[in-house]
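Notes for the structure review
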Amino acid sequence: MAKRFLQTMILTALLVISCSKIEEDHSTSSLDQTRIPDQESWKSVITMTRDGKKFAEVWAGYIAFYNEQGKTFLRDSIHADFFDRNGIHNSTLTADSGVVFNQTNNLVAYGEVNVVSDSGVVLETRELRWDNEKQKIVSEVSVRFSTQTDTLLGDSFISDPDLTNYEIKNARGYSRRIIPLEK
């Protein structure tokens, strides 16, 4: 009887947890110091998938899983490789720390954040969010975006994962392109 009661309580708890909606709070980048993580890992890799296909491999020096919060905290250097829908590598992200939201596979990276596309385009910022549903890279803080010929600064940024289609708010910068002058 006691065993059946315990099984019923565990099943009920699992149903409540699996049916509850976890809001993504992007306001904190630090580990929850008041709670002990459900799992910890050092120098590990997380593989993130969408519709059964790998879209990212994230390496971190330290990873802390918090099941109740629905978050995985990453720190001590992050390195993430992103892949397109065909499994082909298209960009690399590095950052000081970050958070993965377990239900959505969204990622927020903090600190010195750099994204380098395989074509050589570089994005630099202090905070960056990967929106898994929209398949977009988003930064709502100052950015520096560099190609082989142009360097743009802006107040925010949104792009596809390979940095080919992008929007920069309040863009300013300089170009090394040679522009012919009309006579």
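Source: prediction; values computed, not measured.

**Structural notes on the overall build of the protein chain**
Along its length, the protein chain carries 1 helix and 13 strands. When the helices and strands of the protein chain are placed in sequence order, the string is α-β-β-β-β-β-β-β-β-β-β-β-β-β. For the protein chain, buried positions account for 39% of its 183 residues. In the protein chain, once contacts between residues fewer than 6 apart in sequence are set aside, the share between residues at least 24 apart is 37%.

**Some remarks on the environment of alanine 109**
Turning to its location among the elements, alanine 109 is positioned in strand β6 (residues 106-117). By relative accessible area, alanine 109 is classed as buried at 1%. Along the sequence, alanine 109 and leucine 128 sit 19 residues apart, while their C-alpha atoms lie 5.2 Å from each other. Apart from the residues within four sequence positions on either side, alanine 109 is in contact with Leu93, Ala95, Ser97, Gly98, Arg126, Glu127 and Leu128.

**Quick word on the nonpolar core**
By size, the foremost hydrophobic cluster in this structure holds 28 residues, and its most contacted members are Val58, Leu74, Phe82, Leu93, Leu123 and Leu163. Broken down by secondary-structure element, the contributors of at least two residues to this core are β1 (39-50), β2 (53-66), β3 (71-83), β4 (89-95), β6, β7 (122-131) and β9 (143-146). Here this core gets 5 residues from one element, more than from any other, and that element is β2. With sequence-adjacent residues up to four places away left out, leucine 93 is seen in contact with Ile78, His79, Ala80, Phe82, Ala109, Val113, Asn114, Val115 and Leu128.

**Quick notes on the pairing of strand β5 (residues 97-101)**
For β5, a buried count of 5 out of 5 residues is recorded, marking the element as mostly surrounded by other parts of the structure. Summarising the sheet, β3 and β5 pair through 4 bridges and their orientation is antiparallel. Counterpart to threonine 72 in the pairing with β5 is valine 100. In terms of strand pairing, β5 meets β6 through 5 bridges, oriented antiparallel. Its bridge partner being in β6, valine 100 is matched across the sheet by leucine 107. Remark: 4 residues form the turn of the hairpin made by β5 and β6, two consecutive strands paired antiparallel; asparagine 105 in that turn has positive phi of roughly 65°.

**Digging into the pattern of salt bridges**
Counting across every chain of the model gives 7 salt bridges. Of the charged contacts, one joins lysine 54 and glutamate 57 as a salt bridge, the two residues approaching to 3.1 Å between their closest N and O atoms. Under the relative-accessibility criterion, lysine 54 is labelled partly exposed at 35%. You can call glutamate 57 partly exposed: its relative accessible area is 27%. Two residues, glutamate 140 and arginine 129, come together in a salt bridge whose shortest N-O distance is 3.4 Å. With glutamate 140 in the loop between β8 (136-139) and β9 and arginine 129 in strand β7, this residue pair connects regions lying 11 residues apart in the sequence. Looking at glutamate 140, the relative accessible area reads 62%, which means it is exposed. One salt-bridge network, held together by shared partners, links Arg129, Asp131 and Glu140.

Calculation notes
- Residues numbered from 1 in each chain as written.
- Predicted model: local features only at pLDDT ≥ 70, side-chain atom pairs only at ≥ 80, totals over all residues.
- Heavy atoms only, no water.
- Helix = DSSP H or I, 4+ residues; strand = E, 2+ residues; numbered from the N terminus.
- Buried < 20%, exposed > 50% of the residue type's maximum accessible area, 1.4 Å probe, protein only.
- Contact = heavy atoms within 4.5 Å.
- Core = buried A, V, L, I, M, F, W, Y, C linked by side-chain atoms within 4.5 Å.
- Pairing = 2+ DSSP bridges.
- Salt bridge = Lys/Arg side-chain N within 4 Å of Asp/Glu carboxyl O.

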